[in-house]
Structure formats: C-alpha cells, structure tokens
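Observations on chain architecture
Now for the letters of each chain:
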Amino acid sequence: MKINVEATLVLRAQSGELVALEAVLRQIQAPVYNLAVRMLGRRDDAQDATQEILLRVTTHLGGWRGDSAFGTWVYSIAGNHLINARSRSPHRHEISFDELGEQLDRGLAYAERIGFNEHVLTPEDKLEARRTALSCTQAMLTCLDAPGRLAYVLDEIFGLESPAAAEVQGITPAAHRQRLARARQAVHGFMAGRCGLVSSDAPCRCVRQSPGKQAAAARGREMPGLQVDSEELDAASHALQELTALGDAAALLRGAPEFKAPDAMLQGIRLVIAQSGMLRQ
C-alpha cells in the first residue's frame, strides 16, 4: 500500500494552507492505519497510534525537504512510532509460532471430538471459515518480532521496493533483505507445514478451526489475531477464494482487506490544527 501524495500539495501544507494539510492527512490516513493494524494487531491500539502519527506528521511537516519520497518519510515516522508503541501497549501479548501451532492443533482436535462434518456446511460455516482465515493470518504476523514484522509488511504486503523499505527502517538495503528473509522463512515455513490454503498436504483447514474458535470466544479466550467485520470480510471473500489455489503464502497475506480508518481520527487532527494555529518547523 503505497502513499502517493503530490509534492505540490505537501508544499502548500508546509506553507500553512490548512485545506492542503487536511488533504495530505486524508491521503495518508488509510495507509498509516493499515500499517498500524498489521503491526499492533488491535483496532483500538491502531486507532490511537494512527492519530499520534498523524499529529507527528503535522507538527514535523517542515522536516520533509524532498530528499526522499514523501510516502517514505511518512512511513519512517510511522514505523518508528509503531515499534515503540507495540512495546508500550498494555495489551501486548507475544506469541510464538510453536504456541500458535498448539492452538491450531487444539482447534482441529475439538472439531474431531464434536464430530464436525466439513463436507456439510451452512452459509454461516463458510463465512466463519473466511473470517478465521483472515484472523489467523494476522496471528501469524503477531509471531514475528517487531522489526521483522515491519520489514515483512512493508515489502511483502505493502509492496515497497527494497531501497524504500530499508529507508523506512533506517537500515541498508542488504540489512533489510536479511531481515525480510528471516521473517519470510518463519511465516512461509509455518504456513507450508500447517496451512491448507497454502499446501494441500497441510493438516489445517479454516473450516475445521471455526467450531473451536467460536467455543473459545464463548469462554472469553479469543485466538490471537484481528477480528474482521462483515464489510471487510465481504471485500476479502472473493480474493480468498481465488488465493486458495495459489499455494503462495505472501499472496494470501496480501489478500487481506484494506481496513477502513475511523473518521474520528481525522476529526481529532482537525481539532489539534485549529488549536495550534501554526505548524512547528
């Protein structure tokens, strides 16, 4: 998800034109929020972090001199903030691939224990299976450490070229490729051995996880991973159906929907702008 804001618009915002500033913030809001969702894994945390990032972009807008692409500059601010925000979050919960695998094994065992028949499915079963697929792929990202997750999201999911992704992280392109390779090996290796969407030989199927996931939720024990609303699920369902035949772990992760940023965040930034009366250079 690349940020494409015209330089002339940014220059107008730097000169103090509030209409231009609002236009800049509106264009970067969704990409920043989507990065925050994938880095933090919780909508509430992502919303708070996005508003803080937009405020930081606003107050430091004069710091962009055009030496790098504006989108790269914004993502640099966002990436640094999100790595620190993740470590400070009161909801922070680290999970390893081994722990996630154990949870998935319990889900499969539960489906077998109750005699769940995956060949006789209601429309609700199919819908829940797609919801499980999106939630589970986010949980896999949660298993990566923060630097590895940022490298993976920027490159594999958002499609930034290696030089730009490296600049966002403040490292060399070679260091980025090494970091990405480790993250890719961890995610793709886990999915190849377990995920039926990637490998037909893998034991796990989203539809088999659904009964256990619903039972765990009823006990107040959600599987780690983002909860997906109906609108986002509708947007992703067709893509997921197409991706099941690809056997491509990265493509499956890219098939997640674009998460809609709440309008309240931009309203909060408007209030800050109105109260400040000027931009800090």
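Residues numbered from 1 in each chain as written. Predicted model: local features only at pLDDT ≥ 70, side-chain atom pairs only at ≥ 80, totals over all residues. Heavy atoms only, no water.

Another aspect to go through is the packing of helix 2 (residues 18-40) against helix 7 (residues 146-157). At a closest axis distance of 10 Å, the pairing of helix 2 and helix 7 adopts a crossing angle of 135°. Judged by the inter-axis angle, helix 2 sits oblique to helix 7. Here helix 2 and helix 7 pass one another in a crossing that is right-handed. Contacts between helix 2 and helix 7 involve L35, R38, M39 and L40 from the first element and A146, R149, L150, V153, L154 and I157 from the second. In the contact of helix 2 with helix 7, the residues fall into eight nonpolar, no polar and two charged. (Axes fitted to C-alpha atoms, helices over the stretch in contact; angles between N-to-C directions. Helix = DSSP H or I, 4+ residues; strand = E, 2+ residues; numbered from the N terminus. Parallel < 35°, antiparallel > 145°, perpendicular 65-115°, else oblique. Left-handed = near helix turned anticlockwise from the far one by under 90°. Contact = heavy atoms within 4.5 Å. Nonpolar A, V, L, I, M, F, W, Y, C, P; charged D, E, K, R; others polar.)

To characterise two packed helices, one gives the angle between the axes of the helices and the distance between these axes. Axis separation between helix 2 and helix 3 (residues 43-59) bottoms out at 8 Å; the angle between their running directions is 140°. The pairing of helix 2 with helix 3 is recorded here as oblique in orientation. Crossing angle aside, the handedness with which helix 2 passes helix 3 is right-handed. Two secondary-structure elements touch here, helix 2 through L21, L25, I28, Q29, V32, Y33, A36, V37 and L40 and helix 3 through R43, D45, A46, Q47, A49, T50, I53, L54, V57 and T58. Within the contact of helix 2 with helix 3, the residues separate by chemical class into 13 nonpolar, four polar and two charged.

Turning to the nonpolar core, a few remarks are in order. Counting 73 residues, the largest nonpolar core has I28, L35, F70 and Y152 as its most contacted members. In terms of residues, this core owes the most to one element, helix 2, which gives 12 residues. Look past the residues within four positions of F70 in its chain and what remains in contact with it is V5, V10, V24, I28, L61 and W64. (Core = buried A, V, L, I, M, F, W, Y, C linked by side-chain atoms within 4.5 Å. Buried < 20%, exposed > 50% of the residue type's maximum accessible area, 1.4 Å probe, protein only.)

We now examine the packing of aromatic side chains. In the structure shown here, the tally under the stated rule is four aromatic pairs. Each member of the aromatic cluster is reached from another via a ring pair, and the members are W64, F70 and W73. (Phe/Tyr/Trp six-rings, centres within 6.5 Å; stacked < 30°, edge-to-face > 60°.)

With 80% of its residues at a pLDDT of at least 70, the chain reaches an overall mean of 82. Per-residue pLDDT, averaged within each element of the chain, yields its smallest value for helix 11 (residues 230-243) (51) and its largest for helix 8 (residues 162-169) (96). (pLDDT = per-residue confidence, 0-100.)

Throughout the structure, instances matching the rule amount to zero disulfides. Of all cysteine sulfurs, the one in C206 lies closest to C195, which takes part in no disulfide; the gap is 5.8 Å. Its sulfur unpaired, C204 is 6.2 Å from the next cysteine sulfur, which belongs to C136. Overall, the relative accessible area of 11% leaves C204 in the buried class. (Disulfide = S-S within 2.5 Å.)

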